[in-house]
Amino acid sequence: MSAQIKLAQKLRMKKFRAEFGLFVAEGLRLCEMAPDSEIESGFYTAEFLANERAEKLVERLKKAAPMQEISASAFEKISETQTPQGILLVMRQKLSAPEEVFVKNLIVALDAVHDAGNLGTILRTAEAFSCGVVLLDDSVDVFNSKVVRASMGALFDLALAKMSREKFLSLAESSGAEILATALDSAAEIYFEHDFTKKVALVFGSEAEGVSAEILGAARKIYIPMSGRAESLNVSAAAAIVISEAIRQRKKILDKLSLTC
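All chains use their own residue numbering, which begins from 1 and follows the written sequence. Per-residue local features are limited, in this predicted model, to residues with pLDDT of at least 70; the limit for side-chain atom pairs, both in listing and counting, is 80 or more; totals at the level of whole chains, interfaces and linings are taken over all residues. Note that water and hydrogens are dropped before the side-chain values are worked out from all heavy atoms of the structure.

Colleague: Please explain the overall build of the protein as it appears in this structure.
Modeller: The helix and strand tally for the protein stands at eleven helices and eleven strands. Counting only C-alpha atoms, the protein reaches 60 × 45 × 40 Å along its principal axes. Buried means the residue's accessible area, taken with a 1.4 Å probe over protein chains only, is under 20% of the maximum for its type, while exposed means over 50%, and partly exposed covers the values in between. Per-residue burial for the protein yields a buried fraction of 48% across its 261 residues. Two residues form a contact once any of their heavy atoms are found within 4.5 Å. Pairs at least 24 apart in sequence give 81% of the contacts found in the protein among residues at least 6 apart. If you sum the accessible surface of the protein, you get close to 13100 Å²; carbon and sulfur atoms cover 50% of it. Computed over 32 positive and 35 negative side-chain charges, the separation of the two mean positions in the protein equals 2 Å. What counts as a helix is a DSSP run of H or I of at least four residues, what counts as a strand is a run of E of at least two, and both are numbered from the N terminus. Only the protein chains shown count as cover for residues, and the accessible areas themselves come from Shrake-Rupley with a 1.4 Å probe. Residues counted as positive are Lys and Arg, residues counted as negative are Asp and Glu, and His and the chain ends are not counted. To locate a charge, the coordinates of NZ of Lys, CZ of Arg, CG of Asp or CD of Glu are taken.

Printed below as a string of structure tokens:
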């Protein structure tokens, strides 16, 4: 087994991703979206080259980084999907500086979100609406392969930073961002009654634990009213609902301004 394949296998584990500063992106669409400048190396199978789209992708990738054709059986050893497509890239980890995220007027902060699928879905939503993203203490590794796949390429384009809760609170204050946290609290405001047209940092916590007390103590609380039997929403669903309301309000203001010009 080649050293490159062994490295790709090691990247399944968080400690090796952190040690080498690398992660894996797998699948045709995800690899098409990968920035050439961040590709370390890659693997593909002969079976993958069955159509023109795949051939063009591999031709492009060969110009960006070393690409190795391997057997289907060897590919299964590095793949983490049940039905591998036959294309995998080893990517360099890239994060934004914390200050770069707080340039944004709408920031999504994730406080101990543990589910990889939820995190990836929130990243995809945040990128769709040009939000900055902050990963706070104890959240799942953003370079986990499940997060990468669920983000559908959003990870490559986001203003995304990791930081402590203390650093987040400090930057929110210095940048003038209002901190809003979702919470089932008697003092919480219905989310759509809040004014989202100013600079805002939206904080979402894990479904099991919610937003940490440290963040709640400095935040204004909002909640999503529900009429069914469910006690809470999936965190990725809650994030999509609140983010879309923030965007709706901002668009409404822009539309009014355009009418008066």
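Colleague: Just checking my understanding: could you explain the nonpolar core for this structure?
Modeller: When a protein is soluble and globular, its nonpolar side chains tend to lie buried together. Judged by nonpolar contacts, the single largest core of 55 residues is most densely connected at Ile 87, Leu 110, Leu 123 and Leu 202. For this core, the leading source of residues is helix α11 (residues 235–260), giving six residues. Excluding residues within four positions of it along the chain, Ile 87 makes contact with Glu 26, Gly 27, Leu 28, Cys 31, Phe 43, Tyr 44, Phe 48, Leu 57, Val 58, Leu 61, Met 67 and Phe 75. Only buried residues count toward a nonpolar core, which is a set of Ala, Val, Leu, Ile, Met, Phe, Trp, Tyr and Cys residues joined through side-chain atoms within 4.5 Å. Residues Val 101, Phe 168, Leu 169 and Ala 177 belong to the second largest nonpolar core, which totals 21 residues.

Keep in mind these values describe shape, not function.
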